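Geometric and topological summary
Chain by chain, the residues run as shown.
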Amino acid sequence: MKTTVNCVFCAIVAGELPATLVREWADALAILPRTGVGERGDHVLVLPRVHVATAIEDPVVTGMVSTRGAQLAAELGWTDANLIYNV
Ligand SMILES: [Zn+2]
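Rules used in this analysis
Residues numbered from 1 in each chain as written. Predicted model: local features only at pLDDT ≥ 70, side-chain atom pairs only at ≥ 80, totals over all residues. Heavy atoms only, no water. Helix = DSSP H or I, 4+ residues; strand = E, 2+ residues; numbered from the N terminus. Buried < 20%, exposed > 50% of the residue type's maximum accessible area, 1.4 Å probe, protein only. Contact = heavy atoms within 4.5 Å. Donors = N, O, S within 2.8 Å, 3.2 Å for Na, K, Ca; no water. Pairing = 2+ DSSP bridges. Polar contact = N/O pair within 3.5 Å; in protein donor to acceptor, adjacent residues only side chain to side chain.

**Some thoughts on the overall build of the chain**
Per the secondary structure count, the chain includes two helices and three strands. In the chain, the succession of α and β elements from N to C terminus is α-β-β-β-α. Going through the 87 residues of the chain one by one, you find that 31% of them count as buried. Excluding contacts between residues fewer than 6 apart, the proportion of contacts in the chain whose partners are at least 24 apart in sequence is 36%.

See below:
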């Protein structure tokens, strides 16, 4: 697994920082944000297990994360969802 020492998301994936786990896959995990909008469970972060600086760094990883986000929304029974990426 490629990680970076200064990436908070890699630290969460490695179990070095706490997070509220929603769902876990071999290639990704879904967590609740630490504060704010996720407290109602209606906002979830899907993190790849490999480090990418932004959503355009590795389109294959972005596609996988998109798939996991859509799977999770379906599993949770959400009828409305926004899948948002950061660049
Ligand atoms: Zn990272």
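Moving on from the coordinates now.
**Remarks on the coordination of the zinc ion**
On the protein side, the zinc ion has Cys-7 (SG), Cys-10 (SG) and His-51 (ND1) as donor atoms, found 2.0 to 2.2 Å from it. In the primary structure, the donors to the zinc ion are separated according to the pattern C-x2-C-x40-H. In this pair, the class of Cys-7 matches that of Cys-10, namely buried.

**Section: the pairing of strand β2 (residues 28-32)**
The buried fraction of β2 is high, at four of five residues. In terms of strand pairing, strand β1 (residues 20-24) meets β2 through four bridges, oriented antiparallel. Among the inter-strand pairings, Leu-21 is bridged to a residue of β2, identified as Ile-31. Connecting the antiparallel pair β1 and β2 is a turn made up of three residues. Here four bridges tie β2 to strand β3 (residues 45-48), and the two strands are oriented antiparallel to one another. Bridge assignment links Ile-31 to a residue of β3, and that residue is Leu-45.

**Observations concerning the environment of Leu-29**
Mapped onto the elements, Leu-29 comes out in strand β2. Residue classification places Leu-29 among the buried residues on the basis of a relative accessible area of 4%. Setting aside anything within four residues of it in sequence, one finds Leu-29 in contact with Val-13, Leu-21, Arg-23, Glu-24, Leu-45, Val-46, Leu-47 and Arg-49.

**A closer look at the side chain of Arg-68**
Mapping Arg-68 onto the fold places it in helix α2 (residues 59-75). Within polar-contact distance, the side chain of Arg-68 engages the side chain of Gln-71 at 2.8 Å. With residues near it in sequence (within four places) discarded, Arg-68 still touches Trp-25, Asp-27, Ala-28 and Val-46.

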